Structures are given as structure tokens and as C-alpha cells.
Amino acid sequence: MTLTDKEVLHVARLAQLELSEEDLPRMQGEINEILNHVERLQKVSSLGVVPTLHVHGEINAFRDDIIRDSIPLEKIEMNAPDFRACCFRVPRII
Amino acid sequence: MSADSTSEFEVVIGLEVHAQLLTDSKIFARSSTVSGKTANTLTDPVTLGLPGSLPVLNKRSVDFAIRLGLALQCSIERTSIFARKHYLYPDLPKGYQISQYDKPICLNGSLVVRIKDGTKKIGITRIHLEEDAGKNTHLSDEPYSLVDLNRAGVPLLEIVSEPDMRSPEEAGAYMRQLRQVLLYLDICDGNMEEGSLRCDANVSIRRRGETKLGTKVEVKNLNSFRFVERALEYEIERQIAAVREGTPIVQETRLWDEAACTTLPMRSKEHAEDYRYFPDPDLLPLVVDDDWIARTKSSLPELPAQVYERFRKSYELDPYYCEILAEEKAVARYYDEAVAFHNNPIAIANWITTELFGRLNKESMAMSSNPISPENLASLILLVDNKTISGKMAKAIFDEMFSTGSSPRDIIEAQGLKQISDPAELEALVDSILSQSAAQLQAYRDGKTKMFGYFVGQVMKASDGKANPQIVNELLERKLKA
């Protein structure tokens, strides 16, 4: 499986990455190399192998339904680039 | 929908319903889920997506998912997995929503829905747990949007139906009865206007006899039962017209615009379908054992369809009454309790659905703040049944009971309202009225039999409405014949 120029640019956009004209061929080569490797792996029979759901092998970490204090607005504001009327302000989206 | 379009085309509808769960805290975080608070005051590191924060699953949200799964006859999956669904939008601080993808917690259920001519089994494909996103507001004339993350991380159950519905009415019935189940289970408040219950519909049409599904269109923004039905009616008309004109139907998402009564194509988030799901490595597999399922099963309440059937069979109620009385758990319980005090199920059903609901409606009160206890309502009806009071007096006493919360007996005693049924006392009253009405009596004897009503009225008036009308009638008939 190989990705075309267009598909590589599409993946870059999904990942919010800027990809210049010069970088494109290199990236395309690297991505396709990875895909080829995965293709090789897919040829290995995994019949009877239980899917690894999590690397720990542990299950069920729960918390009880208990409310704890929220972060004060002042502290949230400190971390926000733009904060108005108790809200995060972002460039208009629609 | 015009009659010919229903016969030529078949409509195929499936619904995706999101139900906000009534947990106190969020699905993976500690902040509160209440609504109506100042923006961004219900947040914590997980909700804000701060680096290094880790989600931990709220056990109660799993309990709720199992409850609904069991109520909808689903298989509860022993192992389910949380997955990341990626899209970039300001209301999603992490850049992904935690949801379930190929291993949801509940699969393959059904809901038997009452429709116009009987019942219909609607398949449930799956139910999964996920977190809600925050809320964006767009100020007019400003190049900004505002983001409030209070709602981010509130637990949701997404309930996906099979494409089993064949008309907007069936979709409406499914939605209403699913809501009832959620309310009976106490896991969602069911408020569609406030968004705690949301519905998206997938709708397509095909020529009758065709087995392949037509191109489906997703309709969003259906935040009331009326919208669900109206939007679907509109969308079906639109698709039928397109097919007749030979215009192909495009697979797309459309928004219902209630004001304009139309669906419009939604400007889609760019590449919205590229969600790049993968198992969330921050969360362990969720494993539910038999014991957990058995415990949940034994704690399930009687469900609305069961209550409906029980009312129909054991109380021999009309479907109309069954529908209304089974709709809310609090009403059904109230009705059962009242009938336990006085076994006149039909009269009690009638009083609840007319007088009680009428008054609650008038005062904009919910059943939970109803001041009349089931015992008091039952004893009021008993007093009518054993002829201590007339139906008319009962209504006046009912009003007093509603205003004061007193028992009917206390009100009757305090106001001296008891019906007069003593024949001797009534006979004296009838005699005195007749002796004062010589002219009317003459008219009656001359053939004006309508005067009978006049005499009844005079006796009732003289007794302050307390005379037993049946006995008064009998006495008058006897005396006037003489």
C-alpha cells in the first residue's frame, strides 16, 4: 500500500501539520515505508492470538461518583491565551 | 406526506439518540455535571485536557449503561474498550472525544414500541458510553467564538437503533417510549429542550419492493418530539421529490431549521469522517462480570411497557388511560397507591387525568409537588361512591384539598359539606318548596312538565347544594304525581 501526494497532504492536514513542497517527497517515502512494514506484519498469521486490549494486562480502574472542587476561573485564565466573559475566546468557527 | 407517495415509496428510518446521564460528576473526571452554572466553573485538569492529566472511569456511568442495556434486552459485553475519536474543534480540548468504537458495552437489543395499530419491535444495534463536548457560542458581528467547557466530559449514552422505522410517527413513538424507559430507570432527565436527550435521524427512501437501502441522509438538531416528526416528514417529501425529478440523493448531514420548516445541508467540519479511532491507552479495558449484571438486573424497576400492560389487565383500563398513567413513574406509583386505598380504578384514573392533571397544569406544577396524597384522593372518591357527597361537592372539596393539602373528611367537617340523604329531612324541604310555588305547580299540572327541573333547582338551592339530587328527584316525582 502506498499513499499518493494528495493523501499525504490530507493526513498532514488531519494532524494539523504544515508540510512544505520540499518536505513532501521525503515524508511520502517515510510514511510508505512504515505502511510497507505494516503490510509485512499483516501477512503473519494471528489466528488464535487474543487481541492485546491494553499493554498492562490490567482491567477496571474506577472512581466513585464524587464531585471535587473545580479549578478556579483565575487559574484557568492564566493558562488561556485569550479569555473573555468566563470563556475561552477562539477565532470564529462558523 | 401525500397518500400516493406513501404507497409508491417505503421510508427507512434509524435513530441515534444521545442521553445525558444523571451522575453527579463527569464520566472521567471529578467536576460536577449540573447545568446552568457560570461558564468554565465546572472544570478540572482532565476536563480541560491539561497535559499529564489522566481520565478515570466513573463507575456509576457504567451502572447506568448496564441498566439501560438490560432494559432494552441487549447483551452486556463482558469486555468493552474506550477509543479516541479524533477531530479538531474548540469544544474538544484534547483533540479527541473518548467514546467506544468496535467494542461497545451493549449490543443487539430491542424496544417493543406501541404504535397506532399494535406494537412493533425496533432493534437496538448498540449502546455505548462516551463523553460530551463543550459548548461553543458565536457572537454576531464578532470574529470570535466563545468556548464553555462545563458540559465537556458529561457522560452520555449513545443508543443506536436499527433502520427499523417506516414512518415519522413510528420514529416519534420510539423516541417517546425510549425516553420513558430512561426516566423510569432514573438515569436521564429526558429534557429534550435543554439537550439532555438529543436525537439524530438517518432517513432514506426506496421504491416499494426494493430490498437495497436508498442513500441515507442524516438529519440533526431534532430537539423535541415534534421536531423529530416534522423534520422527518419534510425530509421524506424532499427525497421523494428528488427521486421523481431524477435528481440523485447525496449522502450528507442536514440540519432541521424549525423556523423555516426545512432541512438544510450542514457545512461539515472538514474531513469529519476521518476520526482515526484507536483504543485509548489511558483507559483500561472495562470488564463486567456476571455478578455485576445479576445485581443490576435485580434492581431494575418495573418498566413502562410492563406497567402499561398491568394497568390494562388488572385494572381493565382503556388504552388511553394506560398510556397517560404509565407515562411517568411517579404518576404510575401514585395511581397504584390510590387504587390500593379504594378499589375503583376507573374513577381514580378519571380523577387523576382530568381534575388532578388539570390543576397541576394550571399551576405549572410537577407531579412531585402534588399536594394531594393518593390516600386523600382515594377517600374523596370513596365518599362519592358511598353517596356521602355529590360529584359536584367532590369537585369543590378537591379544589380545597389541592390548596390546603387537607384530607376530604377534615374539609367536609370544617365546612359542613356533607350531603343530605335523610329522606325525612328532604321531604320536609320538598314540601316547603312546593307550598311556596303555587303558580309553578299550576303550570306544571297544566302540562308544562319542564317545571320539574325548576323544583329540583329550588330544593338544591334551599339546601345549599347539599341535598342528594337522586332522592330529591324521587320525592318530587312521587309528590307531583299525587
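Caption draft 1: Main features of the interface of chain A and chain B. Contacts between the two partners involve 36 residues from chain A, matched on the other side by 55 residues from chain B. In total, about 3,900 Å² of surface goes out of reach between chain A and chain B, with carbon and sulfur atoms giving 63% of it. Taken together, chain A and chain B are joined by 24 residue pairs in polar contact (both at pLDDT 80 or more). Secondary-structure elements contributing two or more residues to the side of chain A that touches chain B are α1 (5–14), β1 (62–63), α3 (73–79), β2 (83–84) and β3 (87–91) of chain A.

Caption draft 2: Focus on the nonpolar core. Residues and elements named next belong to chain B. With 71 residues, the main nonpolar core has Leu15, Leu68, Leu72, Ile159 and Tyr174 as its most contacted residues. No other element matches the eight residues that helix α5 (residues 225–245) contributes to this core. Apart from the residues lying within four places of it in its own chain, the contact partners of isoleucine 159 are Leu15, Glu16, Val17, Ala19, Leu68, Leu72, Ile124, Arg126, Ile127, Tyr174 and Leu178. Counting residues in each nonpolar core, the second largest holds 41 residues, with Ala332, Ile352, Leu356 and Leu383 among its members.

Caption draft 3: Geometry of the sheet that holds strand β5 (residues 82–86) of chain B. Here three strands make up an open sheet; going across it, the order is β6-β5-β16 (chain B) and the pairing antiparallel. Only two strands of the sheet have a single partner each, and these edge strands are β6 (96–100) and β16 (278–279) of chain B.

Caption draft 4: The sheet that holds strand β9 (residues 135–138) of chain B, seen in detail. Reading across the sheet, the four strands line up as β2(A)-β3(A)-β10(B)-β9(B) and stay open at both edges, with antiparallel pairing between neighbours. This sheet does not close on itself; its edge strands, each paired only once, are β2 of chain A together with β9 of chain B. Where β3 of chain A meets strand β10 (residues 144–148) of chain B, four bridges bridge the pair, whose relative direction is antiparallel. In the strand pairing of β10 of chain B, arginine 89 of chain A is matched with leucine 146 of chain B.

Caption draft 5: Quick peek at the domain arrangement of chain B. According to the domain assignment, chain B consists of domain 1 (14–203 + 218–226 + 264–295), domain 2 (302–415) and domain 3 (423–481). Computed from C-alpha coordinates alone, the two centres of domain 1 of chain B and domain 3 of chain B are separated by 69 Å.

Caption draft 6: Expanded view of helix α11 (residues 374–385) of chain B. Residues and elements named next belong to chain B. Its twelve residues give α11 an end-to-end C-alpha distance of 16 Å, which sits within 8% of 16 Å, the value for a rise of 1.5 Å per residue. Among the structural elements, α9 (329–341), α10 (345–362), α12 (391–404) and α13 (408–415) are those in contact with the buried residues of α11. After α11 finishes, the residue lysine 387 shows a positive phi value of roughly 65°.

Caption draft 7: Highlighting the side chain of threonine 263 of chain B. Residue and element names in this part refer to chain B. Tracing the backbone through its elements, the reader meets threonine 263 in strand β15 (residues 262–265). Among the residues examined, threonine 263 registers a relative accessible area of 1% and is labelled buried. Polar side-chain contacts of threonine 263 include one of 2.8 Å to the side chain of glutamate 235.

Caption draft 8: Inspection of the packing of helix α16 (residues 451–462) of chain B against helix α17 (residues 469–481) of chain B at higher detail. Residues and elements named next belong to chain B. Following both chains from N to C, one finds α16 and α17 inclined at 130°, their axes separated by 10 Å at the closest point. The angle between α16 and α17 falls in the class oblique. Viewed along their axes, α16 and α17 form a crossing whose handedness is right-handed. Counted together, Phe452, Phe455, Val456, Val459 and Met460 of α16 and Pro469, Val472, Asn473, Leu476, Glu477 and Leu480 of α17 form the full contact between these two elements. Of the residues contributing to the contact of α16 with α17, the split by class is nine nonpolar, one polar and one charged.

Caption draft 9: Representation of the packing of aromatic side chains in the model. All names here are of chain B. As enumerated under the stated definition, the model contains 15 aromatic pairs over all chains in all. Here the aromatic rings of tyrosine 275 and tyrosine 277 are separated by 6.0 Å at their centres, their planes lie at 75°, and the arrangement is edge-to-face. Since its relative accessible area comes to 19%, tyrosine 275 is described here as buried. Judged by its relative accessible area of 27%, tyrosine 277 is partly exposed. Seen from their ring centres, phenylalanine 311 and tyrosine 335 are 5.0 Å apart, and the 70° between their planes marks the pair as edge-to-face. Of the two residues, phenylalanine 311 is situated in helix α7 (residues 304–314) and tyrosine 335 in helix α9; the sequence distance between them amounts to 24 residues.

Caption draft 10: Representation of unusual backbone geometry. At glutamine 73 of chain B, a residue that is not glycine, the phi angle is positive and equals roughly 60°. Tracing the chain through its elements places glutamine 73 of chain B in the loop between α3 (59–71) and β3 (75–76).

Caption draft 11: Molecular detail of the packing of α10 of chain B against α12 of chain B. All names here are of chain B. Put simply, α10 and α12 touch, their axes get as near as 11 Å, and they point 45° apart. In terms of orientation, α10 and α12 fall into the oblique class. The handedness of the crossing between α10 and α12 is right-handed. Mapping the contact onto sequence places Trp351, Glu355, Leu356, Arg359 and Leu360 in α10 and Ala394, Lys395, Phe398, Asp399, Phe402 and Ser403 in α12. Taken together, the residues that form the contact of α10 with α12 break down as six nonpolar, one polar and four charged.

Caption draft 12: Region of the structure containing the confidence of the model for chain A. The pLDDT averaged across chain A works out to 90; a share of 100% of its residues lies at or above 70. The least confident element of chain A is α1 of chain A, whose mean pLDDT is 88; the most confident is β1 of chain A, at 97.

Caption draft 13: Just helix α2 (residues 23–42) of chain A, in detail. Residues and elements named next belong to chain A. Along its 20 residues, α2 runs 29 Å from first to last C-alpha, staying within 8% of the 28 Å computed at 1.5 Å per residue. Every buried residue of α2 is listed here: Leu24, Gln28 and Asn32. An end-on view of α2 places all buried positions within 55° of arc, on one side of the element. Counted as exposed and oriented over 90 degrees from the buried face of α2: Glu33, Ile34, Arg40 and Leu41. Residues of α2 that are buried make contact with α1.

Calculation rules
- Residues numbered from 1 in each chain as written.
- Chains lettered and ligands numbered in written order.
- Predicted model: local features only at pLDDT ≥ 70, side-chain atom pairs only at ≥ 80, totals over all residues.
- Heavy atoms only, no water.
- Contact = heavy atoms within 4.5 Å.
- Buried area = accessible area lost by both parts, 1.4 Å probe.
- Polar contact = N/O pair within 3.5 Å; in protein donor to acceptor, adjacent residues only side chain to side chain.
- Helix = DSSP H or I, 4+ residues; strand = E, 2+ residues; numbered from the N terminus.
- Core = buried A, V, L, I, M, F, W, Y, C linked by side-chain atoms within 4.5 Å.
- Buried < 20%, exposed > 50% of the residue type's maximum accessible area, 1.4 Å probe, protein only.
- Pairing = 2+ DSSP bridges.
- Domains from an automatic or database assignment.
- Expected span 1.5 Å × (residues − 1).
- Axes fitted to C-alpha atoms, helices over the stretch in contact; angles between N-to-C directions.
- Parallel < 35°, antiparallel > 145°, perpendicular 65-115°, else oblique.
- Left-handed = near helix turned anticlockwise from the far one by under 90°.
- Nonpolar A, V, L, I, M, F, W, Y, C, P; charged D, E, K, R; others polar.
- Phe/Tyr/Trp six-rings, centres within 6.5 Å; stacked < 30°, edge-to-face > 60°.
- pLDDT = per-residue confidence, 0-100.
- Arc of directions from axis to C-beta.

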